[in-house]
Amino acid sequence: MRKRGILFVVTGPSGVGKGTVLTEVRKQKDVYFSISATTRQPRAGEQEGIHYFFLTRQQFEQKVAENGFLEHAEFSGNCYGTPAEPVDTRLEAGEDVLLEIEVQGAMQVHQARPEAVRIFLAPPSYEELEKRLTGRGTETEEAVRRRLETAKRELKLAPEFDYIVVNRTVEQAVSDVLAIMQAESCRAERALLDAR
Ligand code: 5GP
């Protein structure tokens, strides 16, 4: 049994299907899913402490000042961050941890935790992403336009990640992510690190 858990980071542009794919992954794999903090307003049906911790900008900044986030980023006018303490506690206890975050934050994780395994979920094409984001109907036209602009920049960063999974179908993407997780758990370096 490994002593330390593995930190998995799944990122990708908004609308690519991170939520859908990871909901399935979590049904099939025992992993601690990190709950982020955000300054964004809750959407209909979103609950405090389940989907996000909803903070004011002042509360968020306070936590940044206390070094309370493993990473944090501004996205589409709102702040998002991963509370560090629950993640570290789980990893130390030997549990694997999964983060679902946007691309800037995922790049920061690489600096903070170089051992993290970072997976970029990509759409089959930019046009497909545009179709998915527009069809979601949860955002105003202006917000969708901003998310698409960001997505264009983010897609260029895909080669910086450890793995790229193309979300052609949910089943395929889920199976790819699970395969990566399985393979990573067998890496020789991890056994060597744990033996120290
Ligand atoms: P949404 O507003 O649609 O829930 O999320 C917007 C984006 O923020 C998504 O790409 C989501 O993955 C990302 N996100 C959620 N939590 C975090 C976090 O803790 N840190 C970062 N950097 N991004 C996050």
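Residues numbered from 1 in each chain as written. Predicted model: local features only at pLDDT ≥ 70, side-chain atom pairs only at ≥ 80, totals over all residues. Heavy atoms only, no water.

Caption draft 1: Looking closely at the site of the ligand. The immediate surroundings of the ligand are formed by 16 residues, with Ser36, Arg40, Tyr52, Tyr80 and Glu102 found nearest. Between the ligand and Arg43, the relevant distance is 2.8 Å, taken from an oxygen atom to a side-chain nitrogen or oxygen of the residue. Thr82 places a main-chain nitrogen or oxygen 3.3 Å from an oxygen atom of the ligand. At the level of secondary structure, the elements contributing two or more residues to the shell around the ligand comprise strand 5 (69–75) and strand 6 (78–83). (Near = heavy atom within 4 Å. Polar contact = N/O pair within 3.5 Å; in protein donor to acceptor, adjacent residues only side chain to side chain. Helix = DSSP H or I, 4+ residues; strand = E, 2+ residues; numbered from the N terminus.)

Caption draft 2: Region of the structure containing the pairing of strand 6. The buried fraction of strand 6 amounts to 6 of the 6 residues, a majority that puts the element mostly inside the structure. Here strand 3 (residues 37–38) runs beside strand 6; their pairing, made up of 2 bridges, is antiparallel. Residue Thr38 lies in a different strand from strand 6, and its bridge partner there is Tyr80. Here strand 5 pairs with strand 6 via 6 bridges, running antiparallel. Across the sheet, residue Phe75 finds its bridge partner in strand 6, namely Asn78. Taking the residues between adjacent antiparallel strands as the criterion, strand 5 and strand 6 are bridged by 2 residues, where Ser76 takes a positive phi near 50°. (Buried < 20%, exposed > 50% of the residue type's maximum accessible area, 1.4 Å probe, protein only. Pairing = 2+ DSSP bridges.)

Caption draft 3: Representation of the pattern of salt bridges in the model. With the rule as written, the count across this model stands at 13 salt bridges. Salt-bridge contacts for Arg113 lead to Asp88; the nearest nitrogen and oxygen are separated by 2.7 Å. Taken together, the residues span a long stretch of sequence, with Arg113 in the loop between helix 4 (103–112) and strand 8 (117–122) and Asp88 in helix 3 (residues 84–92) at a distance of 25 residues. Among the residues examined, Arg113 registers a relative accessible area of 18% and is labelled buried. With a shortest N-O distance of 3.9 Å, Glu142 and Arg146 are connected by a salt bridge. Placement of both Glu142 and Arg146 in helix 6 (residues 141–155) is noted, with a separation of 4 residues, approximately one turn of the helix. Look at Glu142 and you get partly exposed, because its relative accessible area is 41%. Residue classification places Arg146 among the partly exposed residues on the basis of a relative accessible area of 36%. Three or more residues joined by partner-sharing salt bridges are found here, namely Glu184, Arg187, Glu189 and Arg190. (Salt bridge = Lys/Arg side-chain N within 4 Å of Asp/Glu carboxyl O.)

Caption draft 4: Geometry of the nonpolar core. Judged by nonpolar contacts, the single largest core of 22 residues is most densely connected at Val21, Leu22, Val25, Leu98, Val165, Val177 and Met181. In terms of residue count, the dominant contributor to this core is helix 7 (residues 170–185) (6 residues). In this structure, Val165 is in contact with Ile119, Phe120, Leu121, Ala122, Ala173, Asp176, Val177 and Ile180, ignoring residues within four places of it in sequence. With 18 residues, the next largest nonpolar core counts Val87, Leu99, Ile101 and Phe120 among its residues. (Core = buried A, V, L, I, M, F, W, Y, C linked by side-chain atoms within 4.5 Å. Contact = heavy atoms within 4.5 Å.)

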